[in-house]
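Chain by chain, the residues run as shown.
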Amino acid sequence: MKSTSIDSCAALRGEGPSSPLGNGCSGSSSRRSGNDTTLLRQHVLELADQLADHGHGDLLEGIFRHLIAIGHATREQSDWAFLHGALADIRDGLRVFCSHRDRRKVGVVGSARVPPDSAVYQQAVDLSRQLAASGFEVITGAGEGVMEAANRGAGQGRSYGLNIQLPFEFAPNRYIDPENKLVVFRYFFTRKHFLVRESDALVAMPGGVGTLDELFEALTLIQTAKTVPVPVVLLAPDGDDYWQRWKNYMVKSVEERGMVSPADAQIYDQVGSVDAAVGVIRRFYRSFHGCRFLGGERLQLLLHGAPTDEQLKVMNHTFSDLLHAGTIEPFTHRSEQGVYPGLQFQFDHRCMGRLYGLIRHINDLPLSGGTRLEHPEQRQ
């Protein structure tokens, strides 16, 4: 068989051979002829050859097996159109973000309906301007209002937009580079996935159902350990009680009924100024670099400096309640990105709020980490 190869970036751009589905998303449901089936089989095998040297053989084989299982489960065109659209969303998202992961990004969500002369709009501009000045980049939903303000403050060079196809017009704002920093999603769930996956922090500003949906999506994924801990900041202008009303509801209607743990309130910070919001994000990554869930209850925290034996003893005493078993122990992580000291332990996943408490405790320690402590915006 003739083997072909294409550049991986070209594949992400959708260039090269056409989709093996052909016109399946809009074409006829009639049975293919024997000759057509032979050509399709050859085409699929040629496409598979392009991934032969991908380097993740087990995962790639698993993906193909999933596709086969789906094929056995359904022949409905709408099901395959859904799969085709979801994969296209993932392709487009990776095309934009896969080469920009060395810099931490802050997701900013809020109402599309606030006018440019409002206090919320101006605060969003100031927030992103300060984030960009600190070396961070900004991700928004690419629309008007808070989204436009955040992209405007950061500038095109540090702005990303996650647009969405809607029945009514929803054009991206002019402060995003449409060629290199914009993704237009077909589905909300893939859009929210990339917002959470690519954001190293989330700032929620006053907004409607969409804003609260994005906030609760992030809180749910963090609380259930489906994503790593990141700072979540609730920001509104001084004197605006939007988030205080939200917190009152969470306490009166949710927490007091035992539906969430009071400790989960440690996952987010409510602030009233841009300086405070930027300070929360920078401090979260002062000594803490990242988190790795390794299956089961094993959890590793990567740090910018190694705690002393006495500091480790205090941690084990103060945060014993977040351990499923054993103790907090030091280790060293080595990867292509560098060498990091760290802590590892058996984590009780019901204690995510307390884990945020441990991260804050670590960030308050006088650790020695060289220049890494001075550049929390750097992801690697």
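The paragraphs below set out a description of the structure included in this document. (Residues numbered from 1 in each chain as written. Predicted model: local features only at pLDDT ≥ 70, side-chain atom pairs only at ≥ 80, totals over all residues. Heavy atoms only, no water.)

Concerning the side chain of Asp89
Worth spelling out the cut-off: Secondary structure counts use DSSP, requiring at least four H or I residues in a row for a helix and at least two E residues in a row for a strand, with both numbered from the N terminus. Pairing of N or O atoms within 3.5 Å defines a polar contact, subject to two protein rules: one partner must be a possible hydrogen donor and the other a possible acceptor, and residues neighboring in sequence count only if both atoms are side-chain atoms. Contact between two residues is taken to exist if any of their heavy atoms lie within 4.5 Å; hydrogens are not considered.
With respect to the element layout, Asp89 can be found in helix α4 (residues 77-97). Within the structure, Asp89 has its side chain in polar contact with the backbone nitrogen of Tyr187 (distance 3.1 Å). Those residues in contact with Asp89 that sit more than four places away from it in its chain are Val184, Phe185, Arg186, Tyr187, Thr190 and Phe194.

Section: the environment of Arg158
The condition that has to hold: Between buried and exposed lies partly exposed: a residue is buried under 20% and exposed over 50% of the maximum accessible area for its type, with that area taken using a 1.4 Å probe on protein chains only.
Considering the arrangement of structural elements, one finds Arg158 in the loop between α6 (146-154) and β3 (159-164). The exposure class assigned to Arg158 is partly exposed, which follows from its relative accessible area of 27%. Look past the residues within four positions of Arg158 in its chain and what remains in contact with it is Arg103, Ala132, Gly135, Phe136, Glu137 and Val138.

Side note on empty space enclosed by the protein
Counted only if it meets this: We place a 1 Å grid over just the protein atoms. Points where a 1.4 Å probe fits but has no way out form a cavity, open points with protein on both sides within 12 Å along at least 5 of 7 lines form a pocket, and any residue with an atom within 4 Å of a point lines it. Grid points are joined across faces, edges and corners, and a volume is the space filled by probe spheres set on the points. Each residue is assigned to one of three groups, with Ala, Val, Leu, Ile, Met, Phe, Trp, Tyr, Cys and Pro labelled nonpolar, Asp, Glu, Lys and Arg labelled charged, and all others, Gly among them, labelled polar.
Throughout the structure, instances matching the rule amount to one cavity of 30 Å³ or more. Forming the boundary of the largest cavity are Leu195, Val196, Ser199, Ala201, Leu202, Glu214, Ala218, Ile222, Thr227, Val228 and Val230. If you list the elements that add at least two residues to the lining of the largest cavity, you get α7 (188-198), β5 (201-204) and α8 (209-223). Here the lining of the largest cavity is built from residues that sort into eight nonpolar, two polar and one charged.

Looking at helix α12 (residues 352-363)
The line we're drawing: Any helix carries an expected span of 1.5 Å times its number of residues minus one.
For α12, which comprises 12 residues, the first-to-last C-alpha distance of 17 Å matches the rise-based estimate of 16 Å (1.5 Å per residue) to within 8%. Counting buried positions over the 12 residues of α12 gives nine, a clear majority of the element. Looking at α12, one finds that the buried residues are Met352, Gly353, Leu355, Tyr356, Gly357, Leu358, Ile359, Ile362 and Asn363.

Notes on the packing of aromatic side chains
The line we're drawing: Here a Phe, Tyr or Trp ring, Trp counted by its six-membered ring, pairs with any other such ring whose centre lies within 6.5 Å, and the pair is stacked when the planes are under 30 degrees apart, edge-to-face when over 60, and tilted otherwise. In our convention, an over-ring charge means Lys NZ or Arg CZ found within 6 Å of a ring centre and within 35 degrees of that ring's normal.
One pass over the full model with this rule turns up 15 aromatic pairs. Taking 6.3 Å as the distance between ring centres and 20° as the angle between the ring planes, the aromatic pair formed by Phe97 and Phe194 counts as stacked. Residue Phe97 is located in helix α4, and its partner Phe194 is located in helix α7; the two are separated by 97 residues in the primary sequence. Neither Phe97 nor Phe194 differs from the other in exposure class; each is buried. Each ring, one from Phe284 and one from Tyr356, has its centre 5.8 Å from the other, and the planes form 50°; the classification is tilted. Here Tyr356 lies in helix α12 and Phe284 lies in helix α10 (residues 274-284), a separation of 72 residues in the sequence. The exposure classification of Phe284 matches that of Tyr356, with both residues buried. Chaining the aromatic ring pairs together yields one cluster made of Phe216, Tyr242, Trp243, Trp246 and Tyr268. Sitting over the face of the ring of Tyr285, Arg104 holds its NZ or CZ atom 3.7 Å from the ring centroid. Taking the ring centre of Tyr160 as reference, the NZ or CZ of Lys181 above it sits at 4.7 Å.

Re a nonpolar patch on the surface
Put simply, the rule reads: Put simply, a patch holds well-exposed residues, over 30% relative accessible area, that have no salt bridge, with like charges counted together within 9 Å and Val, Leu, Ile, Met, Phe, Trp or Tyr side chains within 5 Å. All accessible-area figures derive from a Shrake-Rupley calculation using a 1.4 Å probe, and residue coverage is judged against the displayed protein chains alone. Salt bridge, as applied in this entry: a Lys or Arg side-chain nitrogen positioned within 4 Å of an Asp or Glu carboxyl oxygen.
Among the surface-exposed residues, Leu51, Ile63, Phe64, Leu67 and Ile70 lie close enough to one another that they form a single nonpolar patch of about 360 Å² accessible area. For Phe64, the position within the fold is in helix α3 (residues 57-73).

Digging into the sheet that holds strand β1 (residues 105-109)
What counts is decided by this rule: A pair of strands is treated as paired once DSSP finds two or more bridges between them. What counts as an axis is a line fitted to C-alpha atoms, over the stretch in contact for a helix, and the angles between N-to-C directions run from 0 to 180 degrees.
As summarised here, the arrangement of the seven strands in space is β4-β3-β2-β1-β5-β6-β7, forming an open sheet in which the pairing is parallel. A single partner strand is all that each edge strand has here, and the edge strands are β4 (182-185) and β7 (268-271). Sheet twist, expressed as the average angle between the axes of neighbouring strands with direction ignored, equals 20°. Pairing between strand β6 (residues 232-235) and β7: four bridges, direction parallel. For Val233, the partnering residue across the bridge sits in β7 and is Asp269. Its contacts with the sheet put helix α5 (residues 119-133) on β1, β2 (137-140), β5 and β6, and the angle it makes with β1 is roughly 175°.

Remarks on the sheet that holds strand β11 (residues 338-347)
Overall, antiparallel pairing links the four strands, which are arranged β8-β9-β11-β10 in an open sheet. The sheet is open, and its two edges are formed by β8 (288-293) and β10 (323-335), each paired on a single side. Strand-to-strand twist in this sheet, taken as the mean axis angle between neighbours without regard to direction, amounts to 20°. As defined by bridge partners, β8 adjoins strand β9 (residues 298-303) across five bridges and the pair is classed as antiparallel. Paired with Gly290 across the bridge in β9 is Leu302.

A look at the side chain of Asn173
With respect to the secondary-structure elements, Asn173 resides in the loop between β3 and β4. Here the side chain of Asn173 touches Asn151 through a polar contact of 3.1 Å, side chain to side chain. Contacts of Asn173, omitting those with residues within four sequence positions, involve Ala142, Gly143, Met147, Glu148 and Asn151.

Focus: the layout of surface pockets
Taken as a whole, the second largest pocket encloses approximately 660 Å³ of empty space. Lining the second largest pocket are 28 residues; nearest its centre among them are Gly110, Ala112, Met147, Phe170 and Gly210. Sorting the residues of the lining of the second largest pocket by element identifies β1, β2, β3, α7 and α8 as the ones contributing at least two each. Classifying every residue of the lining of the second largest pocket by side-chain character gives 14 nonpolar, seven polar and seven charged.

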